[in-house]
Amino acid sequence: MLNVQPSSNHSVRGQSPSTETAQSNVLQLDLALVDLCHHCPVAGASVIQFCAPEKEEGVLAGFSDAQGHINQDVMSPHLRILAQGYTPKDLSVKSTGKQDTVEMQALAEGAYSGHLPHKKRAIWAPDQRNGAFFEFTADGLMRKAQSLASLMKTPFQCYSMQHGSHWNGLSTPPAGSSEWYQLQTAELDFPITWKASTERQGLSLFKFPETGLMIARSAANPNLEVRHTIIA
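Since the model is a prediction, treat every value here as computed from it, not as a measurement.

**A word on the sheet that holds strand 16 (residues 213–218)**
- Strand order in the closed barrel made by the eight strands is 10-11-12-13-14-15-16-17, with antiparallel pairing throughout. Between one strand axis and the next, the sheet turns by 35° as a mean value, whatever way the strands run.
- Relative to strand 17 (residues 225–230), strand 10 (residues 121–126) runs antiparallel, the two sharing three bridges. By the bridge assignment, P126 is partnered in strand 17 with H228.

What follows is the structure in structure tokens.
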């Protein structure tokens with residue numbers, strides 16, 4: 001768990017008991033969001049608070065600043081961090097008084113942009129329309145279906161798409177790196193529960209060798225490989 005400092009709990013004359021109780025529950029967040037893969041802060045991230053674990057609806061509490069800092073009051077210790085180009089991150093915080101660092105995991109940029117400039121959402125169609133259609137967004141949402149029409153009706157999930165290992169500068173660099181990214185998915189409700197090996201028999205490995213081209217492969221069967229082109 002991360003740590004936050006509770007705000008002062010002094011009562012004010014004339015306040016109702018409910019107001020005093022609300023004040024006593026206010027937490028002062030002091031977080032720093034960082035991207036250790038690209039060695040930079042994560043600015044402009046949204047902070048969503050949930051009234052309790054296992055709730056689907058959250059409330060916007062604020063944003064990280066240009067240095068990736070979040071320093072503000074929240075009414076709930078249950079938080080979700082959303083940032084363009086990063087996997088959604090769920091936190092449950094408690095109080096002590098020091099700033100905490102939160103590492104954000106960068107998504108594969110090719111998934112949501114096809115390496116096209118300024119693109120934040122991509123729909124991928126399989127060659128000859130034979131196979132699954134995929135949609136990925138820069139907000140960490142994805143969906144898939146067997147046709148474009150059904151894709152548009154399919155609910156979104158959270159997703160993570162990262163290399164199996166990357167160098168964060170804190171240890172010896174890996175001896176080698178794969179060009180394949182591994183897909184993991186999770187339902188939207190809080191807290192996120194990642195599926196450790198999403199559809200191992202299906203398409204769970206991805207790479208983006210050219211602009212507007214995606215190749216998907218089965219982790220269990222390397223011979224199962226499908227080319228996708230970006231259509232939107």
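Text resumes after the structure shown.
**Topic: the nonpolar core**
- The biggest cluster of nonpolar side chains holds 20 residues, and the ones touching the most others in it are F134, F136, Y159, M161, F206 and F208.
- Counting residues per element, the ones that place at least two in this core are helix 2 (109–113), strand 10, strand 11 (133–137), strand 13 (157–162), strand 15 (203–207) and strand 16.
- F136 has contacts with A111, Y112, K120, R121, A122, W124, L141, M142, Y159, M161, L183 and M214, leaving out every residue within four places of it along the chain.

**Notes on the pairing of strand 17**
- Pairing between strand 16 and strand 17: five bridges, direction antiparallel. Bridging across to strand 17, A216 finds its partner in V226.

**A few points about the pairing of strand 6 (residues 69–74)**
- Of the two faces of strand 6, only one is covered, namely that formed by I70, Q72 and V74; the face formed by H69, N71 and D73 stays uncovered.
- Sheet topology note: the strand 2 (residues 27–35)/strand 6 ladder contains six bridges and is antiparallel. Paired with L29 across the two strands is Q72, which belongs to strand 6.

Here is what the cut-offs are and how they apply
- Residues numbered from 1 in each chain as written.
- Predicted model: local features only at pLDDT ≥ 70, side-chain atom pairs only at ≥ 80, totals over all residues.
- Heavy atoms only, no water.
- Pairing = 2+ DSSP bridges.
- Helix = DSSP H or I, 4+ residues; strand = E, 2+ residues; numbered from the N terminus.
- Axes fitted to C-alpha atoms, helices over the stretch in contact; angles between N-to-C directions.
- Core = buried A, V, L, I, M, F, W, Y, C linked by side-chain atoms within 4.5 Å.
- Buried < 20%, exposed > 50% of the residue type's maximum accessible area, 1.4 Å probe, protein only.
- Contact = heavy atoms within 4.5 Å.

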